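Take a look at the letters that make up each chain.
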Amino acid sequence: MIFQIEQEQAMKKNFQDYLRGKNLSSNTIQSYLSAVGRYHSLYESVSRSNLLNFKEHCVTHYKPASVNIQIYALNQYLEYAGKGDLKLKTVKVQQRRYLENVISNEDYQYFKKRMKKDGRMKWYFMVWFMAATGARISELLQIKVEHVQAGFIDLCTKGGKIRRIYIPKTLATAALEWLNAQKVESGFIFLNRWGKPITREGIYTRLREYAKEYGIDSKVVYPHSFRHRFAKNFLAKYNDIALLADLMGHESMETTRIYLRMTAGEQYSIVNKVVTW
């Protein structure tokens, strides 16, 4: 039993090293390790029947996009283990004709205004940074004072590519004034009370709490919603989807095209105005 546990731990570490060698992000690696761990919690061995059963299990319990993440992870694992012939096919993801659960520009502005009025400056700037840069939450937490001073941050993405996230001058100027007042001259800017980077869970929880307090639907107040708002606002003012794809760090422009669509709320508003018969 002890030998089996040691074998599993060694296999997990070797697989982790294999993924790192592919220049995958730490979040992707963790996601893949979790998926493989989930598989092995249900099945001891790797076989065609077990893999198909696991796929069926995922289809039953997860949304299509999440199912495919599990499949991508297992396929990487199979490739690593020299069993590429057992790779699974992904499931078809039907793309919605609208954007779901995206904060409106009015609610975004109101949310910022209320947090600033209540002196919640760290959260005020956190929301502003996400909506004005399009940064993912993992990218947001890497921003330092030095990046704000420079007006950009360069991050290494999948495949060893460099993605540059620009920080608009208006935001940078206001943020530096706030940081100077806090006597923060260097290092990460979004820290918790103990001086450590704020966790993802902490950000999700606090934003939802503030949304409920301010009477905003908590379903539209989460980090990626502000990234969506950045994309929607950018296209409304500068309709260049190729540039937006670069700014968002999308590998395929097809991913960016969803921002050409309206939110469900926007569609409903137009229907209410147009359909009078």
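Source: prediction; values computed, not measured.

1. Notes on the overall build of the protein chain
Part 1 of the reasoning: A count of helices and strands for the protein chain gives 14 helices and two strands.
Part 2 of the reasoning: Along the three orthogonal principal directions, the C-alpha set of the protein chain runs to about 60 × 60 × 35 Å.
Part 3 of the reasoning: A buried classification covers 36% of the 277 residues belonging to the protein chain.
Part 4 of the reasoning: Sequence separation of at least 24 residues holds for 62% of the intrachain contacts in the protein chain that already meet a minimum separation of 6.
Part 5 of the reasoning: Accessible area of the protein chain: about 16,800 Å², with a carbon and sulfur share of 51%.
Part 6 of the reasoning: One finds the centroid of the 43 positive side-chain charges in the protein chain at a distance of 3 Å from the centroid of its 25 negative side-chain charges.

2. Focus on the packing of aromatic side chains
Part 1 of the reasoning: Under the criterion given, the structure shown has 19 aromatic pairs.
Part 2 of the reasoning: Ring geometry for tyrosine 39 and tyrosine 43: centres 5.3 Å apart, planes at 40°, overall tilted. Summarising the burial analysis for this pair, tyrosine 39 and tyrosine 43 share the class buried.
Part 3 of the reasoning: An angle of 75° between the planes, with centres 5.0 Å apart, marks the rings of tyrosine 124 and phenylalanine 125 as edge-to-face. Take tyrosine 124 and phenylalanine 125: they sit in the same class, and that class is buried.
Part 4 of the reasoning: Its guanidinium or amino end placed over the ring of phenylalanine 152, arginine 164 lies 3.7 Å from that ring's centre, counting from NZ or CZ.

3. Topic: the pattern of salt bridges
Part 1 of the reasoning: Inspection of every chain in the model, using the stated rule, returns 10 salt bridges.
Part 2 of the reasoning: A salt bridge links glutamate 209 to arginine 206; the nearest nitrogen and oxygen atoms lie 3.6 Å apart. Of this pair, glutamate 209 and arginine 206 are both found in helix α10 (residues 200-213), three residues apart, which corresponds to roughly one turn of the helix.
Part 3 of the reasoning: A relative accessible area of 30% means that arginine 206 is categorised as partly exposed.
Part 4 of the reasoning: Connected through salt bridges with shared partners, the residues Arg114, Asp118, Arg120 and Glu213 form a single ionic network.

4. Concerning helix α11 (residues 223-237)
Owing to its 3.6 residues per turn, the α-helix brings residues three or four apart onto one side.
Part 1 of the reasoning: Counted at 1.5 Å a residue, the expected span for α11 with its 15 residues is 21 Å, and the 22 Å between its end C-alpha atoms agrees.
Part 2 of the reasoning: Counting buried residues in α11 gives 11 out of 15 residues, a clear majority hidden from the surface.
Part 3 of the reasoning: Turning to α11, its buried residues number three or more, namely Pro223, Ser225, Phe226, Arg227, His228, Arg229, Phe230, Ala231, Lys232, Phe234 and Leu235.

5. So, a nonpolar patch on the surface
Part 1 of the reasoning: Taken together, the side chains of Met262, Ile270, Val271, Val274, Val275 and Trp277 define a hydrophobic patch exposed on the protein surface, amounting to about 600 Å² of accessible area.
Part 2 of the reasoning: By secondary structure assignment, the location of valine 271 is in helix α14 (residues 264-274).
Part 3 of the reasoning: Looking at valine 271, the relative accessible area reads 42%, which means it is partly exposed.

6. A closer look at the packing of helix α2 (residues 26-42) against helix α3 (residues 48-61)
Part 1 of the reasoning: Where α2 contacts α3, the two axes come as close as 11 Å, and the packing angle between them is 110°. Here α3 runs roughly perpendicular to α2, going by the angle between their axes. By crossing handedness, the relation of α2 to α3 is classed as right-handed. In contact with Ala35, Arg38, Tyr39 and Leu42 of α2, α3 contributes Asn50, Leu51, Phe54 and His57.
Part 2 of the reasoning: Grouping the constituent residues of the contact of α2 with α3 by class yields five nonpolar, two polar and one charged.

7. Description of the pairing of strand β2 (residues 162-166)
Part 1 of the reasoning: With burial as the criterion, only one face of β2 is covered, namely that bearing Arg163 and Ile165; the residues Ile162, Arg164 and Tyr166 on the opposite face remain uncovered.
Part 2 of the reasoning: In this structure, strand β1 (residues 152-156) lies alongside β2, joined through five bridges in antiparallel fashion. Bridge pairing links aspartate 154 to arginine 164 in β2.

Rules behind the numbers
Residues numbered from 1 in each chain as written. Predicted model: local features only at pLDDT ≥ 70, side-chain atom pairs only at ≥ 80, totals over all residues. Heavy atoms only, no water. Helix = DSSP H or I, 4+ residues; strand = E, 2+ residues; numbered from the N terminus. Buried < 20%, exposed > 50% of the residue type's maximum accessible area, 1.4 Å probe, protein only. Contact = heavy atoms within 4.5 Å. Areas by Shrake-Rupley, 256 points an atom, 1.4 Å probe, with all protein chains shown as cover. Lys, Arg positive; Asp, Glu negative; His and termini not counted. Charge placed at Lys NZ, Arg CZ, Asp CG, Glu CD. Phe/Tyr/Trp six-rings, centres within 6.5 Å; stacked < 30°, edge-to-face > 60°. Lys NZ or Arg CZ within 6 Å of the ring centre and 35° of its normal. Salt bridge = Lys/Arg side-chain N within 4 Å of Asp/Glu carboxyl O. Expected span 1.5 Å × (residues − 1). Patch = residues over 30% accessible without salt bridge, like charges linked within 9 Å, V, L, I, M, F, W, Y side chains within 5 Å. Axes fitted to C-alpha atoms, helices over the stretch in contact; angles between N-to-C directions. Parallel < 35°, antiparallel > 145°, perpendicular 65-115°, else oblique. Left-handed = near helix turned anticlockwise from the far one by under 90°. Nonpolar A, V, L, I, M, F, W, Y, C, P; charged D, E, K, R; others polar. Pairing = 2+ DSSP bridges.

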